[in-house]
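Each chain, written out:
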Amino acid sequence: MSAPIDPSTTQAWQELTNLAESFQADLAGWFEKQPDRAEQLSFTAAHLRVDLSKNLVTTPVLEALARLAAQTKVEARRDAMFTGEHINTTEDRAVLHTALRRPREDKLEVDGQDVSADVSAVLAQVYDFAERVRAGEWLGVTGKPISTVVNIGIGGSDLGPAMVYEALLPYVKPGLQCRFVSNIDPTDLCEKVKDLDPETTLFIVASKTFTTLETLTNARAARSWLLDQLAARGIWEGKDSAAQLSEQDSRQAVSKHFVAVSTNLEAVAEFGIDPDNAFGFWNWVGGRYSVDSAVGTALAVAIGKEGFSDFLAGMHAMDEHFRTAPLSENVPLLMGLINVWYRNFLHAPTHAVLPYSQYLHRFPAYLQQLTMESNGKAVRWDGEVVTYDTGEIFWGEPGTNGQHAFYQLIHQGTQMIPADFIAFANPTWPLKDGDNDQHELFLGNFFAQTQALAFGKTADQVRAEGTPESIVPARVFPGNKPSTSIMAPRLTPSVLGELIALYEHITFVQGVVWGINSFDQWGVELGKQLAKALTPAIAGDQEVLKQQDPSTKALIDYYHANREN
C-alpha cells in the first residue's frame, strides 16, 4: 500500500484554506440567489433522501473539496478496500466489512480465500440457529424453549447489536426479547438478569479471541448465575447449589444455555460451550464494523432470517452507491468531504447526530465508536505525525428531547456545531392528538429546527413581535448554522442498514483525506494493560502499590479505606 498523501501539502488544501479565510456564510442569500439550491444539493442514495443545501458550502468550496478527494486519492483507496487490498496497514489486513453483505453469487477471493463462500457458510449457520430458537426447537436444560437472549460483549460486539435491536423493536418476534450486557460493572449483568427465568434464557458470548477481559468476566458471572439459579430450583435431584454440581451437570446446562461468537474454539470448549455452537468471523472484520457478521446473531434471532437479510441488503445498497456513484452525486463522499471542511477549515470540533425517531436513541452512541475509534488518530498510516486536526467528537440524542436540553447551544452558542437530522415520513405508531396527527406534529419540529438553524431571526424580526428593546439581543438567532437532513419512507431493517453503511463510508472518506488508518484502534490498549497491572495493588499488594504514581496510589488508598467488605 502506497504512502499516504499529506493533505496539507496539496493544492486543494491551500485553496480551501484561502476560501476559509474570506468565507462569509449567508444561507439566506445563497437560497435567494440560487432558487434551485435545495434541488441541486439534494441526493438519493438507496432509500435515503439527503438534503445538503443547508450546509455552509458554495460551488467553489465543493469544487475544491472534490479536488482534495482526487489529490488524496480517496476513490482509489475506496476501490482498494472493496477489492481486498491490505489497507489496514498497521495490522497488515484487508478491510472487508462490505463483504459481509455482498450477495453470495458476487464472488470475492482475497489472499487465496473464497471470502464470499466463507461469509455464506457462517451466515447459514447463524440463520439455522436463529430459526431453531424462534421456532421453539432450541430447548434449555429443562426442556423449555428460549424466550430471552442475553448478548454479552463490549465495544462493537455490544454497541452495534444493542443499537440495531432497539431500532428494530417492531420487527422482533413476539414472545422473544434480547438484553445486552457490556460493562464490567457488576450492576450491568445483575440488573439484566435479575428478573429472568434461567430455564428460558440463552446467553451469546461475543468475543473473537474469547479472551476479552470484560466479556469473559461477565460470561463467567452469567454462568455462575445460571447454575446457581437452576440448582436452587432443584432440577438436579439432591443438588440445590451450584457447588454440588458435577462437571457433567454444569457442562450439560452451559451447552444448552450458552453459544459463542468467536474463532477460538479451544477456549470456547474450555468454557463449556459446544464448539458446534460457535459462530466465527474474521480478522478483516473490525469490531465497530461487525454488526452484520455473526456478532449480529442475537439480531438474527430477534428479527429472523428475512429481517436480517433485508438489513444486509440495505447495507449492500449503500455500498454499491458509494462504490459506483460519481463524486458529484456520491452521498458518503460528499458528506465526508463536507465534514473535513468543517473540521479543518471552519474549525468545528464536534458533530451532532439528531434522529427524530425514538427507536434510534442509541444511534449517536453507536456512531461515537464508529467515528471516534476509527479517526481518533494523530499519526498517518506510514507512522508520520499529522500536522492538522483529525477526528470529530460525535454526540447527540433523539429529537424532540434534545430540543429541551442542548439545542440552545447549537442555536445561540459561540461554537459552530454541524448537525445531521434524521427522520421518517411514516410513523411506526400512527397516533392522534385530538384532530392532529402526532407524527406530523413531531416532524414539524424536525423541519423547523433545520430552518431555524439556517435562517435564524434578525433583530428587526424580534422587534416586530413587540419585544422590549432591552431583551432584543437575547432573542436574536444568528442563523447560518449548518445542518444535513436525511429522510426515508420509514425505519425498516433495510433503511437502518443503509444509515449504518452511510456513516461507515463517511468515516472512511475522512480517514483517507487525513491519511490515517481508520481500521486499527491501538488507543484502547494502554488502559487495558495498566488495568491488569494495577489489579494486584487494588487487591492489596503493597509492593505493587508503592510503584504507582502519587495520584493513583492516593486513589487506591481511598478505595481501601472506604471498601466495606
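Just so it is clear, the structure is predicted and the values come from calculations on it, not from any experiment. (Residues numbered from 1 in each chain as written. Predicted model: local features only at pLDDT ≥ 70, side-chain atom pairs only at ≥ 80, totals over all residues. Heavy atoms only, no water.)

Engineer: Please give an account of the nonpolar core that cites residues and values.
Structural biologist: Trp-341, Phe-363, Leu-496, Ile-500 and Tyr-503 are the most contacted members of the largest nonpolar core, which totals 127 residues. Counting residues per element, this core draws most heavily on helix α18 (residues 493-514), at 13 residues. Dropping the residues within four chain positions of it, Tyr-503 is found in contact with Met-335, Val-353, Phe-363, Leu-367, Leu-370, Phe-394, Asp-420, Ile-422 and Ile-486. Judged by nonpolar contacts, the second largest core, of 29 residues, contains Val-205, Leu-216, Ala-222 and Leu-226. (Core = buried A, V, L, I, M, F, W, Y, C linked by side-chain atoms within 4.5 Å. Buried < 20%, exposed > 50% of the residue type's maximum accessible area, 1.4 Å probe, protein only. Helix = DSSP H or I, 4+ residues; strand = E, 2+ residues; numbered from the N terminus. Contact = heavy atoms within 4.5 Å.)

Engineer: Now, about helix α14 (residues 363-375): what can you tell me, with residues and values included?
Structural biologist: With 13 residues, α14 extends 18 Å between its outermost C-alpha atoms, agreeing within 8% with the 18 Å of an ideal straight helix rising 1.5 Å per residue. With 10 of 13 residues buried, α14 lies mostly within the body of the structure. What α14 keeps buried is the set Phe-363, Pro-364, Ala-365, Tyr-366, Leu-367, Gln-369, Leu-370, Thr-371, Ser-374 and Asn-375. Residues of α14 that are buried sit in contact with α7 (156-167), β10 (350-355), β11 (393-395), β12 (419-424) and α18. (Expected span 1.5 Å × (residues − 1).)

Engineer: Break down the pattern of salt bridges for me, citing the residues and quoting the values.
Structural biologist: Under the criterion given, the structure shown has 27 salt bridges. Across the salt bridge formed by Asp-188 and Lys-192, the nearest N and O atoms sit 2.8 Å from each other. Placement of both Asp-188 and Lys-192 in helix α8 (residues 186-193) is noted, with a separation of 4 residues, approximately one turn of the helix. Its salt-bridge partner being Lys-457, residue Glu-465 comes within 2.8 Å of it at the nearest N-O pair. On the basis of relative accessibility, which here comes to 47%, the residue Glu-465 falls in the partly exposed class. When salt bridges that share partners are traced, they join Arg-101, Asp-292, Asp-319 and Glu-504 into one network. (Salt bridge = Lys/Arg side-chain N within 4 Å of Asp/Glu carboxyl O.)

Engineer: Tell me what's going on with helix α10 (residues 247-257), and back it up with residues and numbers.
Structural biologist: Of the residues making up α10, those classed as buried are Asp-249, Ser-250, Ala-253, Val-254 and His-257. Looking down the long axis of α10, one finds its buried residues gathered within 125 degrees of arc, a one-sided arrangement. Every exposed residue of α10 that faces more than 90 degrees away from the buried side is listed here: Glu-247 and Gln-248. Buried residues along α10 sit against β7 (201-206), α9 (213-232), β8 (258-261) and α11 (265-271). (Arc of directions from axis to C-beta.)

Engineer: An account of the packing of aromatic side chains is requested, with residue identities and associated values reported.
Structural biologist: Following the criterion strictly, the structure yields 30 aromatic pairs and no others. Pairing Tyr-356 with Phe-442 gives two aromatic rings, centres 5.6 Å apart and planes at 40 degrees, and the pair type is tilted. With a gap of 86 residues between them, Tyr-356 in the loop between β10 and α14 and Phe-442 in helix α16 (residues 438-455) connect regions that are remote in the sequence. The exposure class of Tyr-356 is buried, given its relative accessible area of 1%. Grouping aromatic residues by their ring pairs yields a cluster made of Tyr-356, Trp-395, Phe-406, Tyr-407, Phe-421, Phe-442, Phe-446 and Phe-447. Positioned above the aromatic ring of Phe-322, the side-chain terminus of Arg-78 is 5.8 Å from the ring centre. One Lys or Arg, Arg-223, reaches over the ring of Phe-271 and ends 4.2 Å from the middle of that ring. (Phe/Tyr/Trp six-rings, centres within 6.5 Å; stacked < 30°, edge-to-face > 60°. Lys NZ or Arg CZ within 6 Å of the ring centre and 35° of its normal.)

Engineer: Quick one: what's the story with unusual backbone geometry, residue by residue and with numbers?
Structural biologist: Cis geometry marks the peptide bond from Gly-399 to Thr-400; its omega dihedral reads 10 degrees. Within the secondary structure layout, Thr-400 lies in the loop between β11 and α15 (407-412). Even without being glycine, Ala-46 reaches a positive phi, approximately 55 degrees. For Lys-73, which is not glycine, the phi torsion reads 60 degrees and is therefore positive.

Engineer: Tell me about the sheet that holds strand β1 (residues 42-45), residues and numbers included.
Structural biologist: Spatial strand order, β1-β2-β15-β12-β10-β11: 6 strands in an open sheet with mixed pairing. The open sheet terminates on both sides in strands that have one partner only, identified here as β1 and β11. Adjacent strand axes in the sheet meet at a mean angle of 20 degrees, parallel and antiparallel pairs treated alike. One ladder, built from 4 bridges, connects β10 with β12; its direction is parallel. Counted as the bridge partner of Pro-355 is Ile-422 from β12. Contacts from α18 reach β1, β2 (48-51), β10, β11, β12 and β15 (483-488), with the element oriented near 170 degrees to β12. (Pairing = 2+ DSSP bridges. Axes fitted to C-alpha atoms, helices over the stretch in contact; angles between N-to-C directions.)

Engineer: Can you break down the UniProt feature "active site" (unreviewed entry) in the protein chain residue by residue, with the values?
Structural biologist: Per the UniProt record, "active site" (unreviewed entry) is found at Glu-373, His-404 and Lys-528. Across 156 residues, the annotated set is spatially dispersed, with a maximum C-alpha separation of 37.3 Å. Structurally, Glu-373 can be placed in helix α14. Judged by its relative accessible area of 22%, Glu-373 is partly exposed. Apart from the residues lying within four places of it in its own chain, the contact partners of Glu-373 are Arg-288, Gln-368, Asp-520, Gln-521 and Val-524. Turning to its location among the elements, His-404 is positioned in the loop between β11 and α15. His-404 gets classed as exposed once you look at its relative accessible area, which sits at 72%. (UniProt positions renumbered as here; feature names shortened; annotations may be inferred.)

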